[in-house]
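# Examination of the molecular architecture
Below are the chains, spelled out letter by letter.
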Amino acid sequence: MKDFKRYLITAALPYANGPVHIGHLAGVYIPADIYVRYLRMQAKDVVFVCGSDEHGVPITIKAKKEGITPKDVVDRYHEIIKKSFSDFGIEFDNYSRTSSALHHKVSSDFFKTLYEKGEFIEKTTEQYFDPKAQQFLADRYIMGTCPKCGNENAYGDQCEKCGSTLSPTELINPRSTISGEKPLLKETSHWYLPLDKHEAFLKQWILEENKHWKVNVYGQCKSWLDQGLQPRAVSRDLDWGVPVPVAGAEGKVLYVWFDAPIGYISATQEIRPDWETYWKNDDTRMLHFIGKDNIVFHCIVFPSMLKAHGDYILPENVPANEFLNLEGDKISTSRNWAVWLHEYLVDFKDQQDVLRYVLTANAPETKDNDFSWKDFQARNNNELLAVFGNFVNRVLVLTSKYYGGVIPQPNDLQDIDKAILAEIGNAKKLIEENLEIFRFRDALKEAMNLARAGNKYLTDTEPWKLQKENPERVKTILNCCLQVTANLAILFEPFLPYSSKKIRSFLQLDSQKWSDAGNCEIMKAGNHIKEPQLLFRKIEDEEIAAQIEKLHKTKAEQAKTTNVAPQKQEIEFDDFGKMDIRVGTILEAEKVPNTTKLMKLKLDTGIDQRTVVSGIAEHYKAEEIIGKQVCILVNLKPRTLKGIESKGMILMAQDENGVLKFVSPESVTSNGADIR
Ligand SMILES: [Zn+2]
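Numbering of residues begins from 1 in every chain and follows the order in which that chain's sequence is written. Given that this is a predicted model, residues contribute local features only at a pLDDT of at least 70 and side-chain atom pairs are listed and counted only at 80 or more, while totals for whole chains, interfaces and linings are drawn from all residues. The basis for every side-chain value is the complete set of heavy atoms in the structure, and neither hydrogens nor water enter the calculation.

### Some points on the overall build of the protein
What the protein contains, in helices and strands, is 20 helices and 26 strands. Counting only residues that meet the buried cut, the protein has 51% of its 676 residues in that class. Relative to all contacts within the protein whose residues are 6 or more apart in sequence, the contacts with residues 24 or more apart total 73%. Accessible areas in this description were obtained via Shrake-Rupley with a 1.4 Å probe; residue shielding takes into account the shown protein chains only. Of the accessible surface of the protein, which amounts to about 31500 Å², a share of 49% is contributed by carbon and sulfur atoms. Across the protein, the mean location of the 87 positive side-chain charges is 2 Å away from that of the 95 negative side-chain charges. Helical segments are the DSSP runs of H or I of at least four residues, strand segments are the runs of E of at least two, and each set is numbered from the N terminus. Any residue under 20% of the maximum accessible area for its type is buried, any over 50% is exposed, and the rest in between are partly exposed; the area is computed with a 1.4 Å probe on protein chains only. Whether two residues are in contact is decided by their heavy atoms, any of which lying within 4.5 Å being enough. For this count, His and the chain ends are skipped, Lys and Arg are scored as positive, and Asp and Glu as negative. In plain terms, the charge of a residue is placed at NZ if it is Lys, CZ if Arg, CG if Asp and CD if Glu.

This is how it looks when you write it as structure tokens:
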């Protein structure tokens, strides 16, 4: 490989419409962080950037749903995401955000350069427009009947019931989710990046010059290129995003996929006055850590943008991972099927490294993989605790016990001692080889194998049996063990930084360089170590059962909410204001003869005493409800039911199984109290 002078490492910008979960961590951020720590330990020149992706339609939809602004949404999640990363030791040089003024300027300038160089084509197409809201509708703002399965609530881009990919014009009876109106087709013009124009270059660059890319990445790129590339719109009609910096483009913003990767550039500019050194010099090694859903953007689209611009370097590698599933099911933010990072740390306080370990040992590097709580427990108890933690603990405890914490002077080494010390250099070499080709699982396995070898060495040499008859021999054994322990702290540092820090503190060592690994004289005879503490704790069955229970609950709740009717069409406040709803007390109640559902009630409404017939007889007994305060719509036109005039309607909550419950004031209030 070329001798690079510096590294520019980017990690996919998480979308700021929800918190981050284990899938994000396993796919992108842990591998990126491991690699960066490994580089930093070698004192390489590294810039590691990321940030929140804060534009795009899903954010505007979420804002609308919650009655807040898109800025409120991104402000909330930017903070949550940023904190989760920091809590898990993902040490970016800059975690920025695409709503920043600087990013707006950088991405706007980038567009302008391409525009002025004639790198875009302009096309006019017909798109759905909401005449009432006076705006073009993004696919997700259009709903209608799925032409494939008849689901009445299919989206403009997808039917979630049958999974079909749709285009808005395929929907039967389309409606705008903003106003409920039937949308009209209207002409709009947009700029497109003609990817087809870059096809020859991409084929040469990826298929010929980048054969060293991971198989899953190379394969996906090849399949895109084999299908032939199409021009892709870089702008859209929306009021949230980076405005298109061209006269006459009012109401249009940069498409989120266009501005998001430029976020890497602005995040670098934000912290480095010399940012151009990183972005524009051939001797920079740029690596994009991403998940598989982003391969096309980082291998085909963004490189085409960079190439069209002309000033920038291209990524040297794009080590994308596949997806992590959870307990056999696809992780889903909308279905809440996830282990959220901020929740994990509440249940497993200070156990970042356990999750970092499990997600690396089980990383979806070449194919999708599954996270299960049982596996999490097994890996903690059988590997971290029983192998790594156990070795370190035994070494420290014996050193304390035999020598009061003073590192013993070794005597002549026997073959078995030489063999364990040789294992250190061997492990280092294998870890390096694997890290260089982004095989994090295998690299971690090699570090663990060194701890395993340490345990075997202790078992084979049995210092606890020799201490009485041959204390000099035990000094040699424990000195060797301490050298292994110090090396484990270095070799595990990229993967388990919190545990390495603890070991270094036990051993009274400062932070160490990667090049120190393999040194078998790190621990100097005569120096002191500290009183040992456990590195890991056992994870009990009950803790795992609680996590699984939590997931089952989520599933049950989700099953319920899918039966909840969608929200009705928006109304004006005046429509609501017309309803006169009061608190009343039930004075009398009797079942209406020869009916199953109806009950005749007499109520004191504060205004009067009146009779209301209500369909609650299957849900309440007459004697239970006398004296109860309920809510009644008093100005509903009277109706006659079974010969009884009913004046008004009692408000009831009906669940998905049709069970009725009164809506009552939280505590007793006066009859006639107005509900508003
Ligand atoms: Zn469908």
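### Things to note about the pattern of salt bridges
Salt bridges are defined by distance alone: a side-chain nitrogen of Lys or Arg within 4 Å of a carboxyl oxygen of Asp or Glu. This structure, assessed with the given rule, holds 49 salt bridges. Here Arg356 ties to Asp33 by a salt bridge, and the two come within 2.7 Å at their closest N and O atoms. Taken as a pair, Arg356 in helix H11 (residues 352-361) and Asp33 in helix H1 (residues 22-41) lie far apart in primary sequence, 323 residues in all. On the basis of relative accessibility, which here comes to 0%, the residue Asp33 falls in the buried class. Note that Lys456 and Asp460 form a salt bridge whose closest N and O atoms lie 2.8 Å from each other. Here Lys456 and its partner Asp460 are both found in helix H14 (residues 440-461), 4 residues apart, which amounts to about one turn of the helix. Taking relative accessible area as the criterion, Lys456 reaches 53% and is therefore assigned exposed. The class for Asp460 is partly exposed, based on a relative accessible area of 42%. One network of salt bridges, with partners in common, ties together Asp33, Arg37, Glu91 and Arg356.

### Structural notes on the packing of aromatic side chains
Any two aromatic rings considered together are summarised by their centre-to-centre distance and by the angle between their planes. Between 30 and 60 degrees the pair is tilted, below 30 it is stacked and above 60 it is edge-to-face, where a pair is any two Phe, Tyr or Trp rings, Trp via its six-membered ring, whose centres lie within 6.5 Å. Scanning all chains against the criterion turns up 42 aromatic pairs. Both rings, one in Tyr29 and one in Phe85, keep their centres 4.5 Å apart while their planes meet at 45 degrees; by these two values the pair is tilted. One end of the pair, Tyr29, is in helix H1; the other, Phe85, is in helix H3 (residues 70-87), and 56 residues separate them in sequence. Using a relative accessible area of 2% as the deciding quantity, one classes Phe85 as buried. A connected cluster of aromatic rings, assembled from ring pairs, spans Phe110, Phe111, Tyr115, Phe120, Trp191, Tyr255, Trp257, Phe258, Trp279, Phe297 and Tyr312. A positively charged side chain is recorded as over a ring if its NZ (Lys) or CZ (Arg) lies within 6 Å of the ring centre. The angle to the ring normal must also be within 35 degrees. In this arrangement the basic side chain of Lys123 is found over the ring face of Tyr192, its NZ or CZ atom lying 4.6 Å from the centre. The ring of Trp337 carries the charged tip of Lys555 above its face, separated from the ring centre by 4.4 Å.

### Brief notes about the coordination of the zinc ion
Coordination partners: N, O, S within 2.8 Å of the metal, 3.2 Å for Na, K and Ca; water not considered, so apparent gaps in a site are possible. Distances from the zinc ion to its protein donors, Cys146 (SG), Cys149 (SG), Cys159 (SG) and Cys162 (SG), fall at 2.3 Å. Geometry assignment treats four donors as tetrahedral when all angles are between 85 and 135 degrees, treats four as square planar and six as octahedral when opposite donors are over 155 degrees apart and all others between 65 and 115, and treats everything else as irregular. What the 4 donor atoms of the zinc ion show is an angle range of 106 to 112 degrees at the metal, which sorts the shape as tetrahedral. Considered as a linear motif, the donors of the zinc ion on their single chain read C-x2-C-x9-C-x2-C. With Cys149 in the loop between strand E6 (142-145) and strand E7 (154-155) and Cys159 in the loop between E7 and strand E8 (172-176), the pair connects residues that are 10 residues apart, well separated along the chain.

### Some points on unusual backbone geometry
The phi dihedral of Asn173 falls on the positive side, at around 50 degrees, and the residue is not glycine. Turning to its location among the elements, Asn173 is positioned in strand E8. Residue class for Asn173 comes out exposed when judged on its relative accessible area of 58%. Backbone geometry at Asp350 places phi at a positive 60 degrees, although glycine is not the residue there. By the secondary structure assignment, Asp350 is in the loop between helix H10 (341-347) and H11.

### With respect to the side chain of Gln352
With respect to the helices and strands, the residue Gln352 is situated in helix H11. With a relative accessible area of 9%, Gln352 lands in the buried category. Beyond its immediate sequence surroundings of up to four residues, Gln352 is in contact with Asp87, Phe88, Leu345 and Tyr498.

### Examining the side chain of Gln351
Here Gln351 shows up in the loop between H10 and H11. We classify Gln351 as buried; its relative accessible area is 9%. The residues touching Gln351, leaving out its near neighbours within four places in the chain, are Tyr344, Leu345, Arg537 and Ile539.

### What to know about the environment of Gln134
Within the secondary structure, Gln134 sits in the loop between strand E4 (121-130) and strand E5 (135-136). Residue classification places Gln134 among the exposed positions, given a relative accessible area of 56%. Two N or O atoms count as a polar contact when they lie within 3.5 Å, although within protein this holds only if one can serve as hydrogen donor and the other as acceptor, and sequence-adjacent residues are included solely when both atoms are side-chain atoms. In terms of polar contacts, Gln134 uses its side chain to reach the backbone carbonyl oxygen of Pro131, at 3.0 Å.

### Looking at the packing of helix H12 (residues 373-403) against H14
With axes taken as lines fitted to C-alpha atoms, and helix axes fitted only over the stretch in contact, angles between N-to-C directions fall between 0 and 180 degrees. Contact geometry for H12 and H14: axes closest at 9 Å, N-to-C directions at 55 degrees. Taken together, the axis directions place H12 and H14 in an arrangement best described as oblique. The element H12 and its partner H14 pack so that their crossing is left-handed. Contact with H12, carried on its side by Glu383, Leu384, Ala386, Val387, Phe388, Asn390, Phe391, Arg394 and Val395, involves Met448, Ala451, Arg452, Gly454, Asn455, Leu458 and Thr459 of H14 and no other residues of that element. Three classes are used: nonpolar for Ala, Val, Leu, Ile, Met, Phe, Trp, Tyr, Cys and Pro, charged for Asp, Glu, Lys and Arg, and polar for all others, with Gly counted as polar. Looking at side-chain class alone, the contact of H12 with H14 contains 9 nonpolar, 4 polar and 3 charged residues. Any angle that falls under 35 degrees is termed roughly parallel, while one over 145 is termed roughly antiparallel, one within 65 to 115 roughly perpendicular, and all others oblique. Whether a crossing is left-handed or right-handed is set by the direction in which the near helix is turned from the far one by less than a right angle, anticlockwise for left-handed and clockwise for right-handed.

### Structural notes on the sheet that holds strand E1 (residues 6-11)
Taken together, 4 strands build an open sheet; the order of strands is E3-E2-E1-E13 and the sheet is parallel. The open sheet has two edge strands, strand E3 (94-97) and strand E13 (284-289), and neither has a second partner. Each strand of the sheet is rotated relative to its neighbour by a mean of 20 degrees, with strand direction disregarded. When DSSP finds two or more bridges between two strands, those strands count as paired.

### Things to note about the pairing of strand E2 (residues 46-52)
By the criterion of burial, E2 is predominantly enclosed, with 7 of the 7 residues buried. In E2, alternate side chains face the same way, and those of Val46, Phe48, Cys50 and Ser52 on one face and Val47, Val49 and Gly51 on the other are all buried. Pairing of E1 with E2, which is carried by 4 bridges, proceeds in the parallel orientation. Each residue of the ladder has a partner; that of Ile9, found in E2, is Phe48. Between the parallel pair E1 and E2, the chain is carried across by H1, and the sense of this crossover is right-handed. Relative to E3, E2 is paired through 4 bridges, and the arrangement is parallel. Looking at E3, one finds that Ser52 is bridged to Arg97. Seen with the strands pointing away from the viewer, any crossover whose path from the first strand over the helix to the second strand runs clockwise is right-handed.

### Structural notes on a negative patch on the surface
Exposure above 30% relative accessible area and the lack of any salt bridge qualify a residue for a patch; like charges then connect within 9 Å, and the nonpolar side chains Val, Leu, Ile, Met, Phe, Trp and Tyr within 5 Å. On the surface, a cluster of negative charge is contributed by Glu570, Glu572, Asp574 and Asp575. Mapped onto the elements, Asp574 comes out in helix H19 (residues 573-577). Residue class for Asp574 comes out exposed when judged on its relative accessible area of 57%.

### What to know about the pairing of E1
Both faces of the sheet carry side chains from a regular strand, because those side chains alternate between them. In terms of burial, E1 is a largely internal element, 6 of the 6 residues being buried. Of the two faces of E1, the one carrying Arg6, Leu8 and Thr10 and the one carrying Tyr7, Ile9 and Ala11 are both buried. Of the pairings in the sheet, the one linking E1 to E13 comprises 6 bridges and is parallel in character. Counterpart to Leu8 in the pairing with E13 is Met286.

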